[in-house]
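# Remarks on the overall topology
Spelled out from the first residue to the last, the chains are:
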Amino acid sequence: MDAARDRELVGRLRRGEPGAFDEIYQALRPRLWSFLARMTGRRDLADDLAQEAWLRLARHAPRLAEDTRVAAWLFTVARNLYVSQWRSAQVARQLAGDLLPPEPVSAGPFEHAASNQTSARLERALAALTPPYREIVLLCAVEGLAPREAATILGISGEAARQRLARARSQLEQALGDLARYPGGNRD
Amino acid sequence: MTEYTDLDELLRTQLPAHDVDVARAAAVRAAALDELRHARPPARWAWRLEAGAMLTAGTAQLVWVVAMLFGGR
């Protein structure tokens, strides 16, 4: 959605128009849910976090600034919800101590649903990245946001975002090997 | 300006967005629309009340300080 379209939708949403919410929901629901599923590695958790993000949008609708970029706002909320959930899970793991077995390297949430081997390899490589690298790859490479927009969502400087993205791309390319160098020649 | 690399192209084409199941999507939409109906814009009088209270408290403190300094004479 471009800035003018965002402004129009936000204006209607501030007035409580259900049609504006529906348009945003239709356009961004798969993107937001996929982002959360790939960050958490779990579809059920993504369901819960996405639901909370949508409810917050509805709750805050009258207080949104006129120039709010809806996608950036939603991804910021979703990312903050993910970070809170991740911290709680970390605390729970520390409290449980040695009682829990070490977490196995998880497959991506969509790996089994991938339509071909290339997608499956990408999902696995993405899931293997650390969360800070995974989120910036998802925001910039998959969602197509500019590094400065991603920086705002992540609460870091533009330069830090660019550096983090470069390192994440490098790790991903290493993990993908030939697939990253010859993307056109390895489709099945 | 966003720079696109081969890797970005590969990720965008091979990692499609998936969607929530239909029943779940409908339930979330209904709950959100309900929230939207009940969401109220911030009351204009709320910040005025707060500003008034702060001003009153500030004035009272100033009067107290002046009274302490000069009240005994």
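Values in this document were obtained by computation on a predicted structure and should not be read as measured data.

## Notes on the overall build of chain B
A count of helices and strands for chain B gives three helices and zero strands. Burial statistics for chain B: of 73 residues in total, 14% are counted as buried.

## Considering the overall build of chain A
Each helix and strand counted, chain A has nine helices and zero strands in total. In sequence order, chain A lays out its α and β elements as α-α-α-α-α-α-α-α-α. Across the 188 residues of chain A, 38% fall into the buried class. Of the contacts made within chain A by residues no fewer than 6 positions apart, 61% connect residues no fewer than 24 positions apart.

## Quick notes on the interface of chain B and chain A
In this complex, chain B contributes 28 residues to the contact, which on the side of chain A involves 34 residues. When residues of the side of chain B that touches chain A are traced back to their parent elements, those giving at least two are α1 (6–14) and α2 (22–38) of chain B. Broken down by element, the side of chain B that touches chain A gets its largest block of residues, 10 residues, from α2(B). For the side of chain B that touches chain A, a count of residues per class yields 15 nonpolar, three polar and 10 charged.

## Side note on the confidence of the model for chain A
Residues with a pLDDT of 70 or more make up 87% of chain A, whose mean pLDDT is 87. Of all helices and strands in chain A, the one with the weakest mean pLDDT is helix α9 (residues 178–181) of chain A (68), whereas helix α3 (residues 43–60) of chain A scores best (96).

## A word on α1(B)
Restricting attention to buried positions, one finds in α1(B) the residues L7(B), L10(B), L11(B) and Q14(B). The buried residues of α1(B) occupy one face: seen down the axis, they fall within an arc of 95 degrees.

## Observations concerning the confidence of the model for chain B
Residues and elements named next belong to chain B. For chain B, the average pLDDT comes to 85, and 89% of its residues sit at 70 or higher. Across chain B, α2 holds the top mean pLDDT of 95, while α1 sits lowest at 85. Across the interfaces of the predicted complex, the ipTM metric reaches 0.81, alongside a pTM of 0.79.

## Observations regarding the environment of W73(A)
Residues and elements named next belong to chain A. Structurally, the position occupied by W73 is in helix α4 (residues 70–96). On the basis of neighbour count, W73 is assigned to the buried category, with 20 C-beta atoms found within 10 Å. As for W73 and A160, which are separated by 87 residues in sequence, their C-alpha atoms are 20 Å apart.

## Focus: the packing of helix α5 (residues 117–128) of chain A against helix α8 (residues 158–176) of chain A
When two helices pack together, their arrangement is given by the angle between the helix axes and the distance between those axes. Residues and elements named next belong to chain A. Interhelical geometry of α5 versus α8 gives an angle of 135 degrees and a closest axis separation of 10 Å. By the angle between their axes, α5 is oblique relative to α8. Crossing of α5 against α8: the hand is right-handed. Contacts between α5 and α8 pair R121, A125 and A128 from the former with L172, A175 and L176 from the latter. Residues belonging to the contact of α5 with α8 are distributed by class as follows: five nonpolar, no polar and one charged.

## Quick word on α4(A)
Residues and elements named next belong to chain A. Over its 27 residues, α4 runs 39 Å from end to end, which matches the ideal 39 Å to within 8%, given 1.5 Å per residue. Along α4, the positions that sit buried rather than exposed are V70, W73, L74, F75, V77, A78, R79, L81 and Y82. Of the residues one or two after α4, G97 is the one with positive phi, at around 60 degrees.

## Regarding the environment of E52(A)
Mapped onto the secondary structure, E52(A) falls in helix α3. Sequence spacing of E52(A) and L81(A) is 29 residues, and the spatial spacing of their C-alpha atoms is 8.2 Å.

## Focus: the environment of A78(A)
Residues and elements named next belong to chain A. Within the element layout of this structure, A78 appears in helix α4. It is 26 Å that separates the C-alpha atoms of A78 and R121, two residues lying 43 residues apart in sequence. Once you skip the residues sitting within four places of it in the chain, A78 turns out to touch L32, F35, L36, L49, A50 and A53.

## Examining the packing of helix α2 (residues 18–40) of chain A against α3(A)
All names here are of chain A. One can describe the packing of α2 onto α3 by two numbers: an axis separation of 9 Å at closest approach and a directional angle of 145 degrees. Here the hand of the crossing between α2 and α3 comes out right-handed. For the pair α2 and α3, the contacting residues are F21, Y25, L32, W33, L36, A37 and T40 in the first and R43, L45, A46, L49, A50, A53, W54 and A58 in the second. Per-class residue counts for the contact of α2 with α3 are 13 nonpolar, one polar and one charged.

Thresholds applied
- Residues numbered from 1 in each chain as written.
- Chains lettered and ligands numbered in written order.
- Predicted model: local features only at pLDDT ≥ 70, side-chain atom pairs only at ≥ 80, totals over all residues.
- Helix = DSSP H or I, 4+ residues; strand = E, 2+ residues; numbered from the N terminus.
- Buried ≥ 20, exposed ≤ 12 C-beta atoms within 10 Å, placed from the backbone.
- Contact = placed C-beta atoms within 7 Å.
- Nonpolar A, V, L, I, M, F, W, Y, C, P; charged D, E, K, R; others polar.
- pLDDT = per-residue confidence, 0-100.
- Arc of directions from axis to C-beta.
- Axes fitted to C-alpha atoms, helices over the stretch in contact; angles between N-to-C directions.
- Parallel < 35°, antiparallel > 145°, perpendicular 65-115°, else oblique.
- Left-handed = near helix turned anticlockwise from the far one by under 90°.
- Expected span 1.5 Å × (residues − 1).

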